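Structural features, examined
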Number of protein chains: 2
Amino acid sequence: MGQLLRVQSFSVSADGYGAGEGQSLERPFGHVDPPTLHGWAFASASWPGRTDGVGRRGLDDYLVRDFDHGIGAEIMGRNKFSPHRGPWNDHEWQGWWGDEPPFHTPVFVMTHHPRPSFTLSDTTFHFVGGDPAAVLEQARAAAGGLDVRLGGGASVIRQFLDADLVDTLHVAVSPVELGAGTRLWTSPDELRDRFEVDVVPSERGGVVHHLFWRK
Amino acid sequence: MGQLLRVQSFSVSADGYGAGEGQSLERPFGHVDPPTLHGWAFASASWPGRTDGVGRRGLDDYLVRDFDHGIGAEIMGRNKFSPHRGPWNDHEWQGWWGDEPPFHTPVFVMTHHPRPSFTLSDTTFHFVGGDPAAVLEQARAAAGGLDVRLGGGASVIRQFLDADLVDTLHVAVSPVELGAGTRLWTSPDELRDRFEVDVVPSERGGVVHHLFWRK
């Protein structure tokens, strides 16, 4: 099957927003509280941030656990990496994830502003310009034959969808409406012309999983 | 969470049989045709036996793909390994899977009859007696800190359930009735006293996935 480009466990509101307005250091998802969109994943036993050794298994956990399975690199947007905008004024900011980022692979951060690569534990961050196809080419070359995860945010996923580069998407739709922010879609039905989809409600998680794959 | 004992993508009939009667070299599942129970998995892009490079993604594929994720050893019954019964008259039989078995880990075959271990590609088969707890102990020690998959058949899973050693089970229930064979349960509801369960219908696969985890 070659190396797929996969969106894994991306969460959006009922009106299609992946994050709210007003991102800041204190509020990585802007005006939306993270559990509103991501509570289903936080509750899972396999959530990478868990330290309590408990959590729910079942449907949601299978999807969360797949996050890193067969993945050799990630592509993310500048705003997933950092609340800052414009040129990198200092290089002290190393992402939201502390000394042990949950990626464990090369990560390609899309930005117009150059910055040297750096490594934290087993994750190396590279800062790359260029269009989605060029970035994907670099990520595939670094992925050791494995798939590439497209980590978001919504506007980056949108760019790769518009360039028809995405092979599979798992998007969890929460019932809450945000009204504003960074938007993935107006409706999941927009993708049905190009993708097959399984629509799987999670009663415990309070979300509806949309599992898309290219026709 | 320690090392879990996981049943992965095990398929049974509506009346709870994992295989029919009359297993033989020609009919590993006895009187039932394998696609009757396993068709949902055979259709998946991640099915290990695929050679055509195509297949369905979506819900069923996430579950099939999890087969080897985080798994460091398998335990299986004698009848999953071989259609023969009683002492090993020759050691020519090396399982149903050819030179490249899909396990890629140590496999512990439960049998009362001793036989030397052997290796095919990156899978080593060991033949072990003893009760389920003793076999699990050996498998965990060989799993390099990873989980252990309980590969079936139904009677072996039943033994481990009765010994309360199973942590998670994914069982796909197909709508067909077999009437006879090797039985896992009369009804999935039998496990509800000890397990939580998510019940997830797969319209495309024509089965209902039961995802159990220990309370």
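Worth saying up front: this structure is predicted, and the values here are computed from it rather than measured.

A tally of regular secondary structure across chain A gives 5 helices and 11 strands. Against the compact-globule benchmark of 17 Å for 215 residues, chain A has a radius of gyration of 16 Å, which places it among compact chains. For chain A, the spread of C-alpha atoms along the three principal axes comes to 45 × 35 × 35 Å. The proportion of buried residues among the 215 residues of chain A is 51%. Partitioning the contacts of chain A with sequence separation of at least 6, the portion at a separation of at least 24 is 63%. For chain A, the separation between the mean place of its 19 positive charges and that of its 28 negative charges on side chains is 2 Å.

Note on the copies: chain A fits chain B at an RMSD of 0.0 Å, the axial shift is 0.0 Å, and the rotation between them is 180°. What the rotation and shift describe, once combined, is the action of a two-fold rotation axis. In this assembly, 100% of the residues forming the interface of chain A have copies in chain B that are likewise at the interface, indicating an isologous arrangement.

As a further point, take the pattern of salt bridges. Scanning the model with the defined rule gives 36 salt bridges over all chains in all. For K80 of chain B, the salt bridge identified is with E74 of chain B, shortest N-O distance 2.8 Å. Judged by relative accessible area, E74 of chain B falls into the buried class, the value being 0%. E74 of chain B is the partner of R149 of chain B in a salt bridge, and the nearest nitrogen-oxygen pair spans 2.6 Å. A residue pair is termed long-range when its members are at least 10 positions apart, and R149 of chain B in strand β7 (residues 147–150) and E74 of chain B in strand β3 (residues 71–77) qualify at 75 residues. Bridged by salt links that share partners, the residues R6, D66 and D147 of chain A together with R57, D61 and R65 of chain B form one connected network.

What follows concerns the interface of chain A and chain B. Counting residues at the interface gives 25 residues for chain A, matched by 25 residues for chain B. Summing the contributions of chain A and of chain B, the shared interface buries around 2400 Å²; its carbon and sulfur component is 57%. Inspection of the region where chain A meets chain B yields 6 salt bridges. At the surface where chain A touches chain B, the tally comes to 12 residue pairs in polar contact (both at pLDDT 80 or more). Mapped by element, the contributors of at least two residues to the side of chain A that touches chain B are β1 (5–12), α2 (59–65), β8 (168–173), β10 (195–202) and β11 (207–214) of chain A. Looking at the side of chain A that touches chain B, its residues break down into 10 nonpolar, 6 polar and 9 charged.

A word on the UniProt feature "domain: Bacterial bifunctional deaminase-reductase C-terminal" (unreviewed entry) in chain A. Cross-referencing UniProt, the feature "domain: Bacterial bifunctional deaminase-reductase C-terminal" (unreviewed entry) maps to residues 10–187 of chain A in the present numbering. Taken end to end, residues 10–187 of chain A comprises 22% helix and 22% strand; its first and last C-alpha atoms sit 15 Å apart.

Evaluated as defined, the whole model comprises 30 aromatic pairs over all chains. Ring geometry for W88 of chain B against F127 of chain B: centres 5.5 Å apart, planes inclined by 70°, an arrangement best described as edge-to-face. With a gap of 39 residues between them, W88 of chain B in the loop between α3 (78–81) and β4 (106–110) and F127 of chain B in strand β6 (residues 123–128) connect regions that are remote in the sequence. With relative accessibility at 10%, the residue F127 of chain B sits in the buried group. Centre to centre, the rings of W97 of chain B and F103 of chain B are 4.9 Å apart; their planes meet at 85°, and the pair counts as edge-to-face. The buried category is assigned to F103 of chain B, whose relative accessible area is 4%. Taken together, the ring pairs connect F81, W88, W97, F103, F118, F125 and F127 of chain A into an aromatic cluster. Above the ring of W88 of chain B, the side-chain terminus of R78 of chain B is found at 3.7 Å from the ring centroid.

What counts, and at which threshold
Residues numbered from 1 in each chain as written. Chains lettered and ligands numbered in written order. Predicted model: local features only at pLDDT ≥ 70, side-chain atom pairs only at ≥ 80, totals over all residues. Heavy atoms only, no water. Helix = DSSP H or I, 4+ residues; strand = E, 2+ residues; numbered from the N terminus. Rg over C-alpha atoms; globule rule 2.2 N^0.38 Å. Buried < 20%, exposed > 50% of the residue type's maximum accessible area, 1.4 Å probe, protein only. Contact = heavy atoms within 4.5 Å. Lys, Arg positive; Asp, Glu negative; His and termini not counted. Charge placed at Lys NZ, Arg CZ, Asp CG, Glu CD. Least-squares fit on C-alpha atoms with pLDDT ≥ 70 in both. Salt bridge = Lys/Arg side-chain N within 4 Å of Asp/Glu carboxyl O. Buried area = accessible area lost by both parts, 1.4 Å probe. Polar contact = N/O pair within 3.5 Å; in protein donor to acceptor, adjacent residues only side chain to side chain. Nonpolar A, V, L, I, M, F, W, Y, C, P; charged D, E, K, R; others polar. UniProt positions renumbered as here; feature names shortened; annotations may be inferred. Phe/Tyr/Trp six-rings, centres within 6.5 Å; stacked < 30°, edge-to-face > 60°. Lys NZ or Arg CZ within 6 Å of the ring centre and 35° of its normal.

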